[in-house]
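One-letter residues, chain by chain:
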Amino acid sequence: MMPTGWCPGDRSVTGMLAAYPETSCVRIFFGPGDGLPASAWTDTRLRLAQVPAHADVIVSHKDPDVDAAAFVAAWQATGRTGRLILVPHHEPEQQSGGDPPPATFRRSWTRTREQVGDHPARHDGRLLLAVCWTLQWVRRVDAAGRRVNDWRTWWPTHEADAVDLVLGDWYPYDPTARNPFRPAAYEDPAAALTVMTELSAETGSPWGIAEINHSRITKAGGFGVDLDPDGSRCADWYRRMHAWARDNGCQVWAHFHRGGGDLTERPAEARVLRELIAQEAAAPRRLAPALETLRGEIERRWPGPGRVLTDSGHHADHRPNVRGAVDAIDVDVAGLDVEALLAAFTRHPAAGAWVHAGRGARADDGWTIRPYAGTNPGERRLHLALRPTAEAEQDRGPWLLAGDDGTDAGRLLSLLRDPAVAAQLRALPWQYTGAGLPRGMSALDVLHELLLTVRALGEIVAEQSPDPARVRAALAPPRGDADALAAAAAAEDARQAPSERGGGDATAVSDTDIDYQVTVFEEDDDPEALIGDAIEFDLSVEKEK
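Please read all numbers here as calculations on a predicted model, not as lab measurements.

Enquirer: Teacher, can you tell me more about the overall build of the protein here?
Expert: In terms of regular secondary structure, the protein is built from 18 helices and 16 strands. Out of the 545 residues belonging to the protein, those deemed buried represent 45%. Look at the contacts in the protein between residues 6 or more apart in sequence, and 70% of them connect residues 24 or more apart. Carbon and sulfur atoms make up 53% of the accessible area of the protein, which amounts to about 26,600 Å² in all.

Enquirer: Is there a simple way to explain the nonpolar core in this structure?
Expert: Across soluble globular proteins, you tend to see nonpolar side chains buried next to one another. Leu48, Val59, Phe71, Trp133, Leu199 and Trp253 are the most contacted members of the largest nonpolar core, which has 70 residues in total. No other element matches the seven residues that helix α8 (residues 232-247) contributes to this core. Ignoring sequence-local partners within four residues, the contact set of leucine 48 consists of Ile28, Phe30, Ala40, Trp41, Val57, Val59, Phe71 and Arg80. Counting residues in hydrophobic clusters, the runner-up holds 29 residues, among them Ala288, Val331, Ala344 and Leu401.

Enquirer: I tried to follow the pattern of salt bridges on my own but got confused; where do I start?
Expert: Where charged atoms from two side chains of opposite charge approach closely, those side chains can pair. Using the criterion set out here, one finds 25 salt bridges in the structure. Notably, a salt bridge pairs arginine 246 with glutamate 280, separated by 2.8 Å at the nearest N-O pair. With arginine 246 in helix α8 and glutamate 280 in helix α9 (residues 267-281), the pair connects residues that are 34 residues apart, well separated along the chain. A residue is classified by how much of its surface remains accessible, and glutamate 280, at 0% relative accessible area, is buried. In this structure, arginine 370 and aspartate 365 form a salt bridge, with 2.5 Å as the shortest nitrogen-oxygen distance.

Enquirer: Would you explain the pairing of strand β8 (residues 253-256) in this entry?
Expert: Remember that side chains alternate between the two faces of the sheet whenever the strand is regular. Side chains Trp253 and His255 of β8 all project onto a buried face; the interleaved residues Ala254 and Phe256 project onto the opposite face, where all are buried too. Two strands pair when backbone bridges link them, and strand β1 (residues 4-7) and β8 are joined in this way by four bridges, in the parallel orientation. Note that in β8 the partner of cysteine 7 across the bridge is phenylalanine 256.

Enquirer: Help me out: how do you make sense of the side chain of threonine 4 in this one?
Expert: Considering the arrangement of structural elements, one finds threonine 4 in strand β1. Among the residues examined, threonine 4 registers a relative accessible area of 0% and is labelled buried. Within the structure, threonine 4 has its side chain in polar contact with the backbone oxygen of methionine 2 (distance 2.7 Å). A polar side-chain atom of threonine 4 sits 3.0 Å from a polar atom in the side chain of histidine 242. Every residue in contact with threonine 4, bar those within four places of it in the chain, is listed here: Thr23, Ser24, Cys25, His242, Trp253, Ile277 and Glu280.

Enquirer: Help me out: how do you make sense of the packing of aromatic side chains in this one?
Expert: What characterises a pair of aromatic rings is the spacing of the ring centres plus the angle enclosed by the ring planes. Scanning all chains against the criterion turns up 14 aromatic pairs. Ring centres of tyrosine 171 and phenylalanine 256 lie 6.2 Å apart, and the angle between their planes is 90°; this geometry places the pair in the edge-to-face category. Of this pair, tyrosine 171 sits in the loop between β6 (165-170) and α7 (189-203) while phenylalanine 256 sits in strand β8, and the two are 85 residues apart along the sequence. This pair shows no difference in class: tyrosine 171 is buried, exactly as phenylalanine 256 is. Chaining the aromatic ring pairs together yields one cluster made of Trp170, Tyr186, Trp237, Tyr238 and Trp253.

Enquirer: What exactly am I supposed to notice about the pairing of β6 here?
Expert: The element β6 is extensively covered by neighbouring structure, given that six of its six residues are classed as buried. Pairing between strand β5 (residues 127-134) and β6: five bridges, direction parallel. Bridged to threonine 134 within β6 is aspartate 169. As defined by bridge partners, β6 adjoins strand β7 (residues 207-212) across five bridges and the pair is classed as parallel. When the sheet's bridge partners are listed, aspartate 169 is paired in β7 with glutamate 211.

Enquirer: Help me out: how do you make sense of the state of the cysteines in this one?
Expert: Simply put, the disulfide is a covalent bond whose two ends are the sulfur atoms of two cysteines. Counting across every chain of the model gives zero disulfides. Not engaged in a disulfide, the cysteine cysteine 7 finds its nearest cysteine sulfur in cysteine 25; these two sulfurs lie 9.9 Å apart.

Cut-offs applied
Residues numbered from 1 in each chain as written. Predicted model: local features only at pLDDT ≥ 70, side-chain atom pairs only at ≥ 80, totals over all residues. Heavy atoms only, no water. Helix = DSSP H or I, 4+ residues; strand = E, 2+ residues; numbered from the N terminus. Buried < 20%, exposed > 50% of the residue type's maximum accessible area, 1.4 Å probe, protein only. Contact = heavy atoms within 4.5 Å. Areas by Shrake-Rupley, 256 points an atom, 1.4 Å probe, with all protein chains shown as cover. Core = buried A, V, L, I, M, F, W, Y, C linked by side-chain atoms within 4.5 Å. Salt bridge = Lys/Arg side-chain N within 4 Å of Asp/Glu carboxyl O. Pairing = 2+ DSSP bridges. Polar contact = N/O pair within 3.5 Å; in protein donor to acceptor, adjacent residues only side chain to side chain. Phe/Tyr/Trp six-rings, centres within 6.5 Å; stacked < 30°, edge-to-face > 60°. Disulfide = S-S within 2.5 Å.

Structure below.
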């Protein structure tokens, strides 16, 4: 799900909700001198208090010396389930309307980080701190096509770890047009938004759109051509932009419903915005396949009603992401072996983090157990989350939760009785290379070389012996009785371990149930061709010696 909505502009939030039901994102702006009032969350005369509790709220402000701690505490006290995305110093690069110089901007970010950077909601992913720039400014180029502005001027390098999201405000810009801000065509989505994926890659933070708007391309709108008098092209462009953003990792999307972006008198574009909002609200909420596998194993190992919960408001991992996947579950630990579950969980390559009883650990921190500063899911709940990648979500590999009933041991024995598996296991010792063997040689290579050496030495002995034929006969392989030896070995094996053969006595062993195959090596045999054969020697048999 990509939360989608609007900035109300000059309209009321309640009026906008009537026009765009199912809105999942609202952007609220506090201008110069407005501060960041905590009371805005509860004063129903103000827009912020009118935002639905489930919706994400992007709150941006201009003033540097605000009480972010009180504002966040008031937000948390409302019990809202949507995320709060807080933007200190909206569009600072504009340097108008009270924007601070770079040094003041950086000090303000330090203040914000000190006030709310370690807030439990931020550890839970429900409070995000974001920078926000106008993309026209970032994309502006000179006559040679070189960018003239550097976003790093307004990047809090010293507080980079506190930046959870990079937001952009998108408006038309075409440097090849006579008026770059009034292009003759709607820009291709990839060309328009690639700047955001580049910023995301360079900063290491995910991206989103805090404002987007495009006036119809008409002469009445100040453009050079009447390209789109009915708005159908703009509506189609808007749909394609939203789809490209969604497919390329955009975390949130808000239309700027003000001025040229006011869609009240633009039915084609308003209809598309309404459709996109409804589309995201109806996006399927599905548990990631990797967690489906884990949930099944947990419920088989520790059955009981309500053992695994997928819908929980304490952490953002329980929300469907832009791929529509939920990447976390909560497990009721009553009667459950937490230590065994965590041992299995942390071995899996898809595992990302766990939280339980005030402690937690993450895969990217080497599973070091630390106090958890976020919202505790409860003493009776264990929070398990995947790595936030599509690869981890799709990993259907088993989590290997062993049961007290020996189910997994039984499965292992069953596998060992599979002739193909048994043959591979018997082949492994002959394929061994490493300590104790000459470099580059396998155990089978060494055995073959020893055989050739013994035969060569035997021939020398035979040549010096008064009875060469007798020596050569002693060295000859036991061709005639190889099958008999193999059958005898198999029968002896069955007699000594009948229970492992599924019960019964040795007489029940079939002709095909042979565990020992004697292979005769000839002088010109290729050792590599023999790897994988079922070869096993019983050195207690004198003739085989």
